[in-house]
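Chain by chain, the residues run as shown.
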Amino acid sequence: MAARREEDASVYLEKRKLIQLIDKLTKILFIYRPEKHRELLIEKLEQLKLSRQSGMRGPNLFDDSNLDVVFRIMDTDDKQYITFVQYKQALTMMGRKDINECPDGVNEDRISHETFKTEAFCSLKVRSFNGPQGLRTRRPLRAEVRGL
(Lines give C-alpha, C1' and ligand atoms only; values in the text may rest on other atoms or scores of the structure.)
Protein backbone atom coordinates (compact mmCIF):
# COMPACT_ATOMS: atom_id res chain seq x y z
CA MET A 1 0.00 0.00 0.00
CA ALA A 2 2.79 2.45 0.96
CA ALA A 3 4.77 1.56 -2.16
CA ARG A 4 1.73 2.32 -4.31
CA ARG A 5 1.28 5.76 -2.68
CA GLU A 6 4.96 6.56 -3.22
CA GLU A 7 4.69 5.56 -6.87
CA ASP A 8 1.53 7.66 -7.31
CA ALA A 9 3.23 10.64 -5.67
CA SER A 10 6.27 10.23 -7.90
CA VAL A 11 4.13 10.09 -11.04
CA TYR A 12 2.16 13.14 -9.89
CA LEU A 13 5.33 15.17 -9.24
CA GLU A 14 6.90 14.13 -12.53
CA LYS A 15 3.80 14.71 -14.64
CA ARG A 16 3.35 18.23 -13.34
CA LYS A 17 7.09 19.04 -13.27
CA LEU A 18 6.73 20.14 -9.65
CA ILE A 19 10.29 19.25 -8.67
CA GLN A 20 11.64 21.48 -11.45
CA LEU A 21 9.27 24.28 -10.45
CA ILE A 22 10.25 24.13 -6.79
CA ASP A 23 13.93 23.92 -7.73
CA LYS A 24 13.72 27.05 -9.91
CA LEU A 25 11.74 28.98 -7.30
CA THR A 26 14.25 28.00 -4.62
CA LYS A 27 17.12 29.22 -6.80
CA ILE A 28 15.34 32.53 -7.33
CA LEU A 29 14.91 32.92 -3.56
CA PHE A 30 18.60 32.18 -3.07
CA ILE A 31 19.61 34.77 -5.66
CA TYR A 32 17.25 37.56 -4.58
CA ARG A 33 16.98 36.77 -0.87
CA PRO A 34 13.95 39.05 -0.61
CA GLU A 35 12.54 40.28 2.68
CA LYS A 36 9.06 39.45 1.40
CA HIS A 37 9.67 36.03 -0.14
CA ARG A 38 5.99 35.21 -0.59
CA GLU A 39 5.43 38.25 -2.80
CA LEU A 40 8.30 37.26 -5.07
CA LEU A 41 7.01 33.69 -5.30
CA ILE A 42 3.52 34.97 -6.06
CA GLU A 43 4.88 37.20 -8.82
CA LYS A 44 6.78 34.34 -10.47
CA LEU A 45 3.86 31.92 -10.16
CA GLU A 46 1.47 34.50 -11.62
CA GLN A 47 3.83 34.93 -14.58
CA LEU A 48 3.66 31.19 -15.14
CA LYS A 49 -0.11 31.14 -14.76
CA LEU A 50 -0.60 33.93 -17.31
CA SER A 51 1.67 32.28 -19.83
CA ARG A 52 -0.20 28.98 -19.48
CA GLN A 53 -3.61 30.65 -19.84
CA SER A 54 -2.48 32.41 -23.01
CA GLY A 55 -1.11 29.19 -24.45
CA MET A 56 2.44 30.48 -24.58
CA ARG A 57 5.54 28.78 -23.28
CA GLY A 58 6.30 29.68 -19.71
CA PRO A 59 8.45 32.70 -19.05
CA ASN A 60 12.05 32.45 -18.02
CA LEU A 61 12.23 32.79 -14.28
CA PHE A 62 15.69 34.30 -14.63
CA ASP A 63 15.89 37.73 -16.19
CA ASP A 64 18.58 40.35 -16.76
CA SER A 65 18.60 41.54 -13.14
CA ASN A 66 18.88 37.94 -11.90
CA LEU A 67 21.95 37.44 -14.04
CA ASP A 68 23.53 40.61 -12.65
CA VAL A 69 22.96 39.35 -9.12
CA VAL A 70 24.38 35.91 -9.91
CA PHE A 71 27.48 37.51 -11.43
CA ARG A 72 27.98 39.76 -8.39
CA ILE A 73 27.65 36.76 -6.08
CA MET A 74 30.39 34.97 -8.01
CA ASP A 75 32.60 38.09 -8.36
CA THR A 76 33.18 38.51 -4.63
CA ASP A 77 36.30 40.70 -5.12
CA ASP A 78 34.54 43.00 -7.61
CA LYS A 79 37.18 42.32 -10.28
CA GLN A 80 34.58 42.59 -13.07
CA TYR A 81 35.32 39.04 -14.16
CA ILE A 82 34.84 35.51 -12.86
CA THR A 83 36.87 32.38 -13.39
CA PHE A 84 35.80 29.61 -15.73
CA VAL A 85 35.02 27.41 -12.72
CA GLN A 86 32.75 30.12 -11.27
CA TYR A 87 31.12 30.59 -14.67
CA LYS A 88 30.31 26.86 -14.87
CA GLN A 89 29.06 26.81 -11.26
CA ALA A 90 26.74 29.76 -11.86
CA LEU A 91 25.26 28.34 -15.06
CA THR A 92 24.87 24.91 -13.48
CA MET A 93 23.10 26.49 -10.51
CA MET A 94 20.70 28.11 -12.97
CA GLY A 95 19.91 24.70 -14.42
CA ARG A 96 21.94 24.94 -17.60
CA LYS A 97 23.35 21.63 -18.81
CA ASP A 98 24.78 22.60 -22.21
CA ILE A 99 27.51 24.94 -21.00
CA ASN A 100 29.81 26.46 -23.61
CA GLU A 101 33.25 25.13 -22.71
CA CYS A 102 35.02 27.84 -24.74
CA PRO A 103 33.41 31.20 -23.92
CA ASP A 104 35.28 34.44 -24.55
CA GLY A 105 37.97 34.82 -21.90
CA VAL A 106 38.37 31.12 -21.11
CA ASN A 107 42.08 31.10 -22.09
CA GLU A 108 42.81 33.91 -19.61
CA ASP A 109 40.42 32.38 -17.04
CA ARG A 110 38.57 35.70 -17.02
CA ILE A 111 34.93 35.51 -18.00
CA SER A 112 33.52 39.03 -18.26
CA HIS A 113 30.11 40.10 -17.05
CA GLU A 114 29.02 40.59 -20.66
CA THR A 115 30.18 37.12 -21.73
CA PHE A 116 28.48 35.55 -18.73
CA LYS A 117 25.18 37.25 -19.53
CA THR A 118 25.43 36.38 -23.23
CA GLU A 119 26.03 32.72 -22.47
CA ALA A 120 23.29 32.61 -19.85
CA PHE A 121 20.76 34.32 -22.15
CA CYS A 122 21.55 31.91 -24.98
CA SER A 123 20.66 29.09 -22.65
CA LEU A 124 17.53 30.75 -21.31
CA LYS A 125 16.18 31.50 -24.78
CA VAL A 126 16.73 27.94 -25.93
CA ARG A 127 15.53 26.25 -22.74
CA SER A 128 12.64 28.37 -21.52
CA PHE A 129 10.97 26.82 -18.50
CA ASN A 130 7.60 25.45 -19.46
CA GLY A 131 6.03 25.63 -16.04
CA PRO A 132 3.76 23.08 -14.48
CA GLN A 133 0.69 21.67 -16.12
CA GLY A 134 -2.62 22.47 -14.50
CA LEU A 135 -1.55 25.67 -12.73
CA ARG A 136 -4.99 27.17 -13.34
CA THR A 137 -7.00 27.50 -10.18
CA ARG A 138 -10.53 28.53 -9.29
CA ARG A 139 -9.53 30.97 -6.60
CA PRO A 140 -6.87 33.68 -6.97
CA LEU A 141 -3.33 32.42 -6.73
CA ARG A 142 -2.45 34.99 -4.06
CA ALA A 143 -4.95 33.40 -1.66
CA GLU A 144 -3.37 29.99 -2.15
CA VAL A 145 0.18 31.19 -1.52
CA ARG A 146 -0.83 33.13 1.59
CA GLY A 147 -1.83 29.80 3.09
CA LEU A 148 1.78 28.55 2.89
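Rules used in this analysis
- Residues numbered from 1 in each chain as written.
- Predicted model: local features only at pLDDT ≥ 70, side-chain atom pairs only at ≥ 80, totals over all residues.
- Heavy atoms only, no water.
- Helix = DSSP H or I, 4+ residues; strand = E, 2+ residues; numbered from the N terminus.
- Buried < 20%, exposed > 50% of the residue type's maximum accessible area, 1.4 Å probe, protein only.
- Contact = heavy atoms within 4.5 Å.
- Areas by Shrake-Rupley, 256 points an atom, 1.4 Å probe, with all protein chains shown as cover.
- Phe/Tyr/Trp six-rings, centres within 6.5 Å; stacked < 30°, edge-to-face > 60°.
- Patch = residues over 30% accessible without salt bridge, like charges linked within 9 Å, V, L, I, M, F, W, Y side chains within 5 Å.
- Salt bridge = Lys/Arg side-chain N within 4 Å of Asp/Glu carboxyl O.
- Core = buried A, V, L, I, M, F, W, Y, C linked by side-chain atoms within 4.5 Å.

Caption draft 1: Layout of the overall build of the protein chain. The helix and strand tally for the protein chain stands at seven helices and two strands. Reading the helices (α) and strands (β) of the protein chain from amino to carboxyl end gives α-α-α-α-β-α-β-α-α. Within the span of the protein chain, comprising 148 residues, buried residues form 36% of the whole. Excluding contacts between residues fewer than 6 apart, the proportion of contacts in the protein chain whose partners are at least 24 apart in sequence is 69%. Total accessible area on the protein chain is roughly 9,700 Å²; 52% of this is exposed by carbon and sulfur atoms.

Caption draft 2: Molecular detail of the packing of aromatic side chains. Counted by the stated rule, this structure contains two aromatic pairs. With a centroid separation of 5.8 Å and an interplanar angle of 45°, the aromatic rings of Phe71 and Phe116 are classed as tilted. Pair noted here: Phe71 is in helix 4 (residues 64-74) and Phe116 is in helix 6 (residues 113-126), with a separation of 45 residues, a long-range link. According to the relative accessible area criterion, Phe116 is buried, its value standing at 0%.

Caption draft 3: Region of the structure containing a nonpolar patch on the surface. A contiguous nonpolar surface patch, about 280 Å² in accessible area, is contributed by Tyr12, Leu13 and Ile19. Within the element layout of this structure, Leu13 appears in helix 1 (residues 2-15). For Leu13, a relative accessible area of 31% translates into the label partly exposed.

Caption draft 4: Local environment of the nonpolar core. Val70, Ile82, Tyr87, Leu91, Met94, Ile111 and Phe116 are the most contacted members of the largest nonpolar core, which has 16 residues in total. At the level of elements, helix 4, helix 5 (84-93) and helix 6 are the ones that each hand at least two residues to this core. Among the elements that make up this core, the one with the highest residue count is helix 4 (five residues).

Caption draft 5: Representation of the environment of Met94 within the structure. You can see Met94 is positioned in the loop between helix 5 and strand 2 (111-112). Look at Met94 and you get buried, because its relative accessible area is 4%. Residues Met94 and Lys24, spaced 70 residues apart in sequence, show a C-alpha to C-alpha distance of 7.7 Å.

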